[in-house]
Amino acid sequence: MPPPLEAADNPEQLERIVIEPLTRVEGHGKVTLLQDENLNIKQARLHIAEFRGFEKFIQGRPYWELPVLVQRLCGICPVSHHLAAAKATDMIVGATELTTTAEKIRRLMHYGQTLQSHALHFFHLCSPDLLFGFDDEVRHRNIVGVIEDSPEIAKQGVMLRKYGQEIIRITSGKRIHGTGAIPGGINKSLSRDEISYLKTDSDQVIDWAQQAVSLVKRIFFEHYDYHMAFASIDSSMMSMVGKDGAFEIYHGGLRANDKQGENIFDHVNYRDYGDYIKEGVKNWSYMKFPFISSIGQADGWYRVGPLARVNNCDFFTTALAEEQRQEFIRNGDGRPVQSTLAYHWARLIELLHCAEAIGELLNDGDLCGNDLLNRGTLQSSGTGVIEAPRGTLFHHYEINDDGLVEKASLIVSTTNNNQAMNESIRKVAGQYLDGNRLTEALLNQVEVAIRAYDPCLSCATHAMGKMPLQINLVNANNELQDRLEKRISGEIRRTL
Amino acid sequence: MSKSVTFKLDGKSISFQPGDTVMDAALRAGEYIPHLCHNPEFKPHGSCRVCIVALNGRHLSACTLPAAEDMDIDNSSDAIVEQRRKLLQMLFVEGNHICPACEKSGACQLQAVAYYTRMLSPHFTHFFPRRAIDASHPDIIFYFNRCILCGLCERASREVDGKDVFSISGRGINSRIVFNSATGKLGDSQLAITDKAVSVCPVGAILHKHQGYDKPIGERLYDTRPISVVGDVAANLATGQPHKSDERNE
C-alpha cells in the first residue's frame, strides 16, 4: 500500500495543479497536486525534472580524475562531491590514513563550504519566507525584498557566504570546482600569509553566525506551535558521528535513530553502507527512494541533513554550538525534534559550529605542513562518505586493471530525503490546502516545506536506464484505453 | 666580417642566419609567433597552421617559411589573429577538449595559445567524436579526445627514442594516432615513461598515470603569465626556465 496521498485511485478525473518550477531551491523540480471537485487533495508528489547521468558517463574515465570531474554535479556544494570522491580514491590508491596536514586542510575546506552553503540557503533562499511570512506578496518575498527591508541581515548573509567561499578558494585554488583534494591527500597546504588573511575576519564570522542563530530562534519562537507543527513528520534520522558520538561531517561512522530516538545502528563503517541502506524505485519518479534495509521499504525511510545531524550527535566539540544544541534538543521533550522547519534552526547551529571550527583550525600549525600525500597499493574499489551540507553523501567506485572506472554508484544527500520531502508536502497538502481553492500563497506553503530540506535536485538524479515508466493512453472522456509499463529490468509490457 | 641580414616582423628588424626559418629567427630574437606542432628540437611539420603569418598578401606558416632579407612579415594584424583564432576554434570542436575536467588545464599549450589569441568560445558546432582512452600501458595513458595530431610524439619517438611507437594513420578528418604494437595497444608497444615522446606532448593527450591535478591552481605553467612569456610546455620541461620576458603581455 502506498502512503496516503501518494497515489490517487482515479487520477484521470481529478484536477491537476502543478507547481513548476519550484523556486529558491537548487536544480529543477516540480510538485503535482490532484484535487477533486470538492477541492480535497487526493495526491501530492515531488518530481525532479532534470537528468544528469554522472554514474554512466564517468565509466571509462581514470580514477584520479574523479574528485575533479564528479564535483561538476553541483555548483552549490561541489566540495562535498570533491571530498567524497577524494575519500573513495584515497582507498583506491591504498592511502589508509591521510597525513595530518592533508586531513586538516580537507576539513578546513569542508567547514568553509558548509558555512557558505548554509548561509546561501538560509539568507538567500529561505529568509524571505521566514521574515515576511509564507503569504507575503511574491514581488517582495525574495532576496531583493530582504535587502530593501533588512539590509544588515542581507549583508551578513552575503558576507558569511563570501568568507566560506574564500576558504574554498585558498584550499582548492578556486571558489567553485577547485582541485585541492587528490587521491591520497591534497596538492597544497596553506602559507602563513593565507592563514593571516583568513584570520582577519574569523572572529567577525563567529559573531555573525551567533546573530544568525539568534535570528532563526526569534522567528521560530514567534509562532512556536505553528513552526513545530508545519510539515512536521515523524521519521528515523541518519547521520555520521565521531567515535565519541561527537558531531562530525568529514569522517566517522554512521548512526541511525528511529523516530523515538531509539538507536537502529551505530558507528557503522560507511564502507559497509550497502548492508544497511537499500534504494527503492517508484514508477512515477526519476529519483530513487533509499531506506534502511532492516526495516524495509515501507517504513524504513529516514531523514538526513542538519536536523538529523543535530538530533543524532551526542555533542558539538565547540562551545557555542554545543550550548545551542542543548537548547535545541530540549524542544523534542525527550524525542528527536521532528519539526521540518527546525531544519533551519539546526542548519544555523551547524553554521555556527563551522565558524568556530574554522577559527580553531586557523590556529593550528599543521595547516602549513609539507607532508601532503600518502600512497599504498592500488585497490580495485573505493567508498567515500561525507556529510554534505544537505546530508549524508555516498560515493562508491570500482576500477579495472588499467585504472579506469567500471562502476560508479552515488547516493546523494537529497535522494536520502526523497520520501521525507514527499511526506512533508503531503502533510502540508492535508493541513493547509485540503478543501481550499488553491492560491499562490497556499502553493508556496508546499515550497516552504520542500525548501526546509535544502534539496539539491540537480545532484539527485543520475541513474540511467533504470527508471520504471508507465504510459497511459486516455480518450477524450478520460477513459483509460491502453497502458504500457517499462520495468526496472528494461522490459516493456502492455498491462491493460 | 659579413653584414647582418634581417627581415621585418611587425616592423621590427629580426636578424637571421642562413637556413633559418622565420620561426627560428623570431624565437631566437625573443619574438613570439603562436605555434603548436613546432618544437625547435625537431624538423618543422607545418601541420597545425597556427603559426600563420602574412607576406605580400600570402598566408604562410612561419615554421616552414625560409627567412629572406627584407621580407616584411605581418605576425599580429587583426586579420592574422582572427585566422589563428578560427584554426584554434576548429581544433577545439574537432576533438573533445573539456578544459574544466582536464588535468593538463593550466599547463596546456592549446589552452594557452587560445588564451593568447583571445579565443573566447569554440564558435563552431562541436563534433563530439566518440574516442576511447588507451590506458593499457602501466605508466602512461593516451587520450585520443585531446590529441591535436601535431605529430611531435611521432617525431620524438622516431628521431630521439629510436622506437617508432607512434604514427598518424588515415586521411583528413579520419586521421588518428596509431601505436606500433602487435595488438595496436599502447601497453604492448616499446614506449617507456622516460621516452622523449611522452614529455613532448603539448596538450593532455599523453600523460603519466595515477597522478593528476597535483600542481595547485595558481602554480601551473600558464596560471600567471602568458605563453608568449613562459614558452612551450616541452621547453619548460627541458630547461625549467621560462622564455624571454614579453612586456606587452605581462
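None of these values were measured; they are calculated from a predicted model.

Each helix and strand in chain B was counted, giving 7 helices and 10 strands. Counting only C-alpha atoms and orienting by the principal axes, one finds that chain B spans roughly 55 × 40 × 35 Å. Counting all 250 residues of chain B, 51% fall into the buried class. Sequence separation of 24 or more characterises 61% of the internal contacts of chain B that already satisfy a separation of 6 or more.

On to the pairing of strand E2 (residues 29-35) of chain A. All names here are of chain A. For E2, the buried fraction is high: 6 of the 7 residues fall into the buried class. Alignment of strand E1 (residues 15-19) against E2, held across 5 bridges, turns out to be antiparallel. Residue pairing across strands places Glu 15 opposite Gln 35, the latter belonging to E2. Here E2 pairs with strand E3 (residues 41-48) via 7 bridges, running antiparallel. Residue Gly 29 lies in a different strand from E3, and its bridge partner there is Ile 48. Once E2 ends, the chain turns through 5 residues before running back antiparallel as E3, passing Leu 39 with a positive phi of about 70°.

This part covers the pattern of salt bridges. Residue and element names in this part refer to chain A. In this structure the tally under the stated criterion is 38 salt bridges over all chains. Across the pair Glu 6 and Lys 282 runs a salt bridge whose closest N-O atoms are separated by 2.9 Å. A residue pair is termed long-range when its members are at least 10 positions apart, and Glu 6 in the segment before E1 and Lys 282 in the loop between strand E9 (277-280) and strand E10 (289-292) qualify at 276 residues. Here Glu 6 matches Lys 282 in class, with each residue buried. In this structure, the salt-bridge partner of Arg 255 is Asp 266, at a minimum N-O distance of 2.8 Å. Placement of Arg 255 in strand E7 (residues 253-257) and of Asp 266 in strand E8 (residues 263-268) is noted, with a sequence separation of 11 residues between them. Here Arg 255 falls in the buried class, since its relative accessible area comes to 6%.

Before going further, it helps to spend a moment on the interface of chain A and chain B. Listed as interface residues are 21 residues of chain A and, on the opposing side, 20 residues of chain B. Interface area for chain A against chain B, summed over the two sides, is near 1700 Å², with a carbon-plus-sulfur share of 61%. Contact with chain B buries surface across chain A, with Trp 64, Asn 187 and Asp 402 of chain A losing the most and accounting together for 32% of the total. At the surface where chain A touches chain B, the tally comes to 1 salt bridge. Close ionic contact of Arg 146 of chain B with Glu 65 of chain A constitutes a salt bridge, the shortest N to O distance being 3.3 Å. The interface formed by chain A and chain B holds 7 residue pairs in polar contact (both at pLDDT 80 or more) in total. Of the residues that constitute the side of chain A that touches chain B, the class distribution is 8 nonpolar, 6 polar and 7 charged.

Residue and element names in this part refer to chain A. Across the interface, helix H7 (residues 192-222) lies against helix H10 (residues 319-330) with an axial gap of 11 Å and an inter-helix angle of 10°. The orientation of H7 relative to H10 falls into the category roughly parallel. Together, Ile 206, Gln 210, Val 213, Lys 217 and Phe 221 of H7 and Leu 320, Gln 324 and Glu 327 of H10 make up the contact between the two elements. Looking at the contact of H7 with H10 residue by residue, the class counts come to 4 nonpolar, 2 polar and 2 charged.

Residue and element names in this part refer to chain A. Taking strand neighbours across the sheet as the criterion, the 4 strands line up as E8-E7-E6-E11 in an open arrangement whose pairing is mixed. Looking at which strands have only one partner, the edges of the open sheet turn out to be E8 and strand E11 (302-303). Looking at chain direction, E7 and E8 are connected through 3 bridges and run antiparallel. Pairing of Asn 257 across the sheet is with Asn 263, part of E8.

With that settled, consider the domain arrangement of chain A. The assigned domain composition of chain A is domain 1 (63-269 + 296-412) and domain 2 (471-496). The C-alpha centroid of domain 2 of chain A is placed 43 Å from the C-alpha centroid of domain 1 of chain A.

Note that soluble globular proteins tend to have their nonpolar side chains buried in a common cluster. Val 31, Leu 115, Phe 230, Phe 328, Tyr 397, Leu 433 and Ile 450 of chain A are the most contacted members of the largest nonpolar core, which totals 137 residues. The contact partners of Phe 328 of chain A, leaving out residues within four places of it in the chain, are Leu 307, Val 310, Asn 311, Val 337, Ala 342, Trp 345, Ala 346 and Ile 349 of chain A.

Criteria and thresholds
- Residues numbered from 1 in each chain as written.
- Chains lettered and ligands numbered in written order.
- Predicted model: local features only at pLDDT ≥ 70, side-chain atom pairs only at ≥ 80, totals over all residues.
- Heavy atoms only, no water.
- Helix = DSSP H or I, 4+ residues; strand = E, 2+ residues; numbered from the N terminus.
- Buried < 20%, exposed > 50% of the residue type's maximum accessible area, 1.4 Å probe, protein only.
- Contact = heavy atoms within 4.5 Å.
- Pairing = 2+ DSSP bridges.
- Salt bridge = Lys/Arg side-chain N within 4 Å of Asp/Glu carboxyl O.
- Buried area = accessible area lost by both parts, 1.4 Å probe.
- Polar contact = N/O pair within 3.5 Å; in protein donor to acceptor, adjacent residues only side chain to side chain.
- Nonpolar A, V, L, I, M, F, W, Y, C, P; charged D, E, K, R; others polar.
- Axes fitted to C-alpha atoms, helices over the stretch in contact; angles between N-to-C directions.
- Parallel < 35°, antiparallel > 145°, perpendicular 65-115°, else oblique.
- Domains from an automatic or database assignment.
- Core = buried A, V, L, I, M, F, W, Y, C linked by side-chain atoms within 4.5 Å.

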